[in-house]
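Structural characterization, general
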Amino acid sequence: MKACYNISMFILLAWLVLAVFAPVLPLHPDQIFLDKILLSPDWQQWLGYDDLGRSISARLIMGARTSLTVAIIVVAISFFLGTFLGLMGAWLGGFWDKCLIIIVDLFIAFPGILLAIALAGLLGPGLINAVIALSIVSWVGFARLARVQTLTIKNRDHVNAAQALGTPNFLIAIKHILPLIMAPLIIEATFAFAGVVIAEAGLSFLGLGVQPPDASWGSMIRDGTRYMLIAPHMVLAPGFAILSLVLCINLLGDTLRDKMDIREQPTA
Amino acid sequence: MFLNYLIKRLFSAAFVLLGITTLVFLLIHLVPGDPVEVMLGETARSADREALRQALGLDLPVLQQWWQYLMGIAHFDLGESLHSKRAVSQLLIERLPATAILSIASMLIAIIIALPLGIMAAVYKDSIWDRLAMMTAMLGVSIPNFVMGPLLILIFALWLGWFPVSGKEGFASLILPALTLGTALAAILSRMVRASMLEVLQEDYIRAARARGLTECHVLGLHALRNAALPVITILGMQFGALLAGAVITETIFAWPGIGQLMIESIQKRDYPIVQACVLLISFTYVLVNLLTDILYTTLDPRVKLD
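Model, not experiment: these values are computed from the prediction.

On average, residues of chain B score 86 in pLDDT, and 98% of them reach the 70 mark or higher. As a predicted assembly, this complex carries a pTM of 0.88 together with an ipTM value of 0.86.

Listed as interface residues are 45 residues of chain B and, on the opposing side, 39 residues of chain A. Contact between chain B and chain A buries roughly 3800 Å² in total, counting both sides, with carbon and sulfur atoms accounting for 84%. Of all residues in chain B, the largest losses of buried area upon contact with chain A belong to B:M138, B:S142 and B:F146, amounting jointly to 15% of the total for that side. On the surface where chain B and chain A come into contact, there are 1 salt bridge. Here B:R191 makes a salt bridge to A:D254, at a shortest N to O gap of 3.4 Å. The interface formed by chain B and chain A holds 2 residue pairs in polar contact (both at pLDDT 80 or more) in total. For the side of chain B that touches chain A, the class distribution of residues is 37 nonpolar, 7 polar and 1 charged.

With that settled, consider the nonpolar core. Counting residues in each nonpolar core, the largest one holds 160 residues, and the members touching the most others are A:I117, A:W217, B:I20 and B:F146. No other element matches the 16 residues that helix α10 (residues 216–254) of chain B contributes to this core. When neighbours within four sequence positions are excluded, A:I117 is seen to be in contact with A:L203, A:L206, A:L208, B:V248, B:M263, B:I264 and B:I267.

Take unusual backbone geometry next. Here the residue pair A:P212 and A:P213 is connected by a cis peptide bond, since its omega of 10 degrees sits within 30 degrees of zero. Looking at where A:P213 falls in the secondary structure, it is placed in the loop between α7 (169–205) and α8 (217–224). Even without glycine at this site, B:R270 takes up a positive phi of about 55 degrees. Tracing the backbone through its elements, the reader meets B:R270 in the loop between α11 (259–268) and α12 (272–300).

Let's shift gears to the domain arrangement of chain B. Residue and element names in this part refer to chain B. As assigned here, chain B comprises domain 1 (17–74) and domain 2 (88–300). Averaged C-alpha coordinates put domain 1 and domain 2 at centres separated by 36 Å. Contact between domain 1 and domain 2 buries roughly 1100 Å² in total, counting both sides, with carbon and sulfur atoms accounting for 82%. Summed over the shared surface of domain 1 and domain 2, the result is 0 salt bridges. Put simply, domain 1 and domain 2 have 1 residue pair in polar contact (both at pLDDT 80 or more) between them. In terms of residue count, helix α1 (residues 2–27) provides more of the side of domain 1 that touches domain 2 than any other element does, 5 residues in total. Grouping the constituent residues of the side of domain 1 that touches domain 2 by class yields 11 nonpolar, 1 polar and no charged.

Residue and element names in this part refer to chain B. Their axes nearest at 8 Å, the elements helix α5 (residues 88–123) and helix α6 (residues 128–142) cross at an angle of 140 degrees. With respect to the hand of their crossing, α5 and α6 are arranged in left-handed fashion. Taken together, the residues of α6 that come into contact with α5 (itself represented by L117, M120 and A121) are W129, D130, A133 and M134.

Quick look at the pattern of salt bridges now. In total, this model carries 11 salt bridges over all chains according to the counting rule given. Across the salt bridge formed by A:R226 and A:D223, the nearest N and O atoms sit 3.5 Å from each other. Its relative accessible area of 58% is what places A:R226 among the exposed residues. Of the residues examined, A:D223 reaches a relative accessible area of 24% and is grouped as partly exposed. With a closest N to O distance of 3.0 Å, A:D254 and A:R257 form a salt bridge. Taken together, the residues span about one helical turn, with A:D254 and A:R257 both in helix α9 (residues 233–260) at a distance of 3 residues. You'll find A:D254 and A:R257 in the same group, each marked buried. In the salt-bridge network here, residues are joined through shared partners; they are A:D254, A:R257 and B:R191.

Here the structure, examined in full by the defined rule, presents 8 aromatic pairs over all chains. Both rings, one in B:F156 and one in B:W162, keep their centres 5.8 Å apart while their planes meet at 40 degrees; by these two values the pair is tilted. B:W162 sits in the exposed class, given a relative accessible area of 56%. Taken together, the ring pairs connect A:F79, A:F80 and A:F142 into an aromatic cluster. A cation over an aromatic ring shows up here: A:K259 above the ring of A:Y5, its NZ or CZ 5.0 Å from the ring centre.

Cut-offs and rules
- Residues numbered from 1 in each chain as written.
- Chains lettered and ligands numbered in written order.
- Predicted model: local features only at pLDDT ≥ 70, side-chain atom pairs only at ≥ 80, totals over all residues.
- Heavy atoms only, no water.
- pLDDT = per-residue confidence, 0-100.
- Contact = heavy atoms within 4.5 Å.
- Buried area = accessible area lost by both parts, 1.4 Å probe.
- Salt bridge = Lys/Arg side-chain N within 4 Å of Asp/Glu carboxyl O.
- Polar contact = N/O pair within 3.5 Å; in protein donor to acceptor, adjacent residues only side chain to side chain.
- Nonpolar A, V, L, I, M, F, W, Y, C, P; charged D, E, K, R; others polar.
- Core = buried A, V, L, I, M, F, W, Y, C linked by side-chain atoms within 4.5 Å.
- Buried < 20%, exposed > 50% of the residue type's maximum accessible area, 1.4 Å probe, protein only.
- Helix = DSSP H or I, 4+ residues; strand = E, 2+ residues; numbered from the N terminus.
- Domains from an automatic or database assignment.
- Axes fitted to C-alpha atoms, helices over the stretch in contact; angles between N-to-C directions.
- Left-handed = near helix turned anticlockwise from the far one by under 90°.
- Phe/Tyr/Trp six-rings, centres within 6.5 Å; stacked < 30°, edge-to-face > 60°.
- Lys NZ or Arg CZ within 6 Å of the ring centre and 35° of its normal.

Right under this line is the structure:
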C-alpha cells in the first residue's frame, strides 16, 4: 500500500512539474512537420506525430497543463463557494438553510456531467465556458458536505463557549468550525479533482472545451479516433495519460480517506 | 404510514421536476448575446429573426415564456426542431429505444461483472484475490468512457474484428458500447457489493446459518446476498443518472443513434429546443428512477424506518 502511494505521488508530481514548466521547455506543440504526418513512435520521438505532423509528446505535455489548470481552478472555485454556502446554511439555519437545501437538491437532480455538457454547449465552446460550466456543477458536493459536517459541530461546547464570549460569527466559522470540517472536505476535493480532469477531457472530446490549435487530452483522443487503424498511438498516448493521472489521484484519495479515518460518504 | 410516505415522496419529486424544468427553461437565456442571432447566424434577414423569435416565444415577458414552456411540457409539446422542422417530442420518441437498450444492457453487464467480483473480494477478504478485484475496480473507476470506448474499438473491432466499429446493427454492435458504458458502474457496484457483504457476513444470522451446517454456497447465496442486496440496489438507482449522462459520450463514440447522440448533434447545429428537451428527458428519467428505487427499498426491507 505504501509503495502504491509513493508511485502515485511520484506520477502526480511528474505531471505537475511537466505542466508547470511546459512553457519554458523546448516544446513546439503547434509546429507542423509535413514529412512526419501520422509517424509512429520510434526512438527519436517516443510518442510519434499526429495527423497534422505535430509532435504528440509536446502536445501531451501542453494537454497536461490545460487539464491540471482547469482542474485546479474549478476545484478551488467550488471548494470555496461550496464550503462557504454550506457552512452559512448550517450556521444560519431556518429560511437560508431551506433555500440552500432546495438549490442543492435541484442541482443533484441533474445526472453527472449532463448539465455541464448542456451549459458548455449553450455558452459556446471554449475553455473559460468549460470552467464556468464545471464550476456550476461541482460546488454542490462541497456545499452538501460542509453543511452536514457543520450541523454536527455547531452545537459542540467549544462553539457555544466562543459564542458566549461574544466572538463574532465569522471568527467562529473560521477558527472553531472550519478546522474541524476540513478533513472530509479535502478528501472530497481529491475526488472532485479526478472528476474534473475527466469532465474537462470529456467536454474537449465532445468539442466543447479547448479549441484548436490548443491541446487537450480530450481533443487529442477525439482527433485520434479518426485514424485509429493506421495511427493508434494518437489515441493511446492521451488515453493512458488521462488514466495515469486519474488513477493516481483516486489512489491518493483512498489513502487519504483511510488515513483520516472518515466513513465513506455516499456519492451521488 | 406507507401511504403518507408515498405521498410525501411523490410531492417532493414533483417539486424537483418543476425545478428542473425551470432551470432547463432558463438555459436558453444563458446563450450569450441574442439566442436567435446565434441560431440563425449573423447574415439572417431581420424578418426571419422576428419569425423565429415569435415561434420560440422569446418576444414575450420571461414569466409568460416560462408558463408557456410548462404548459407545453404538460401537453408533451417540446417545440419544433429549428433544422428539420419536426416536432421535438417525435424525434425523442424515435431515439429513445436505442438509449433504453444501451442503458439496460450496460446495467446488466455491470451487475454480471460486479456480483462475482464483489462477493469474491468479500469472502476472501485481504487475500490476493481481494486486492486484485479491488485494483480492477479502481482501474474501472479511473478510466473515462471516452478512453475505454476507443480502446475497445481498437482491440476488439479493428485488430480482432469480432464486433462492428460503430452503428446499431444487431446484437453484436451492442456489446462494445454497453461494455464501455457499464465499466464505471461495474467498478462502483463491486466495491459496494464487497462492503455490503462484509457487513452482512458478520451478522449473527450468518453464524447461525453456518452453525446449522448449511453449505457455504447456501449461506452466501440465500442468506448473505439477499441482505447485502439492499444497499446495492440503492447505489444502482443513484448511479443510473451517471449512466445516462455517460450514454451521451458513449453514443457519440459509437455513433449509437440514441438521445445522447441527438443532444450532441443538436449542440453542434445550435438546435437549442432539442438540447433542452434531451436534458429534460434524461433528468426526468433519473428522478423517476430514484423515486422508484426509494419506494422499492422501503417495500423490500421491512426494517427501513420511514420518516
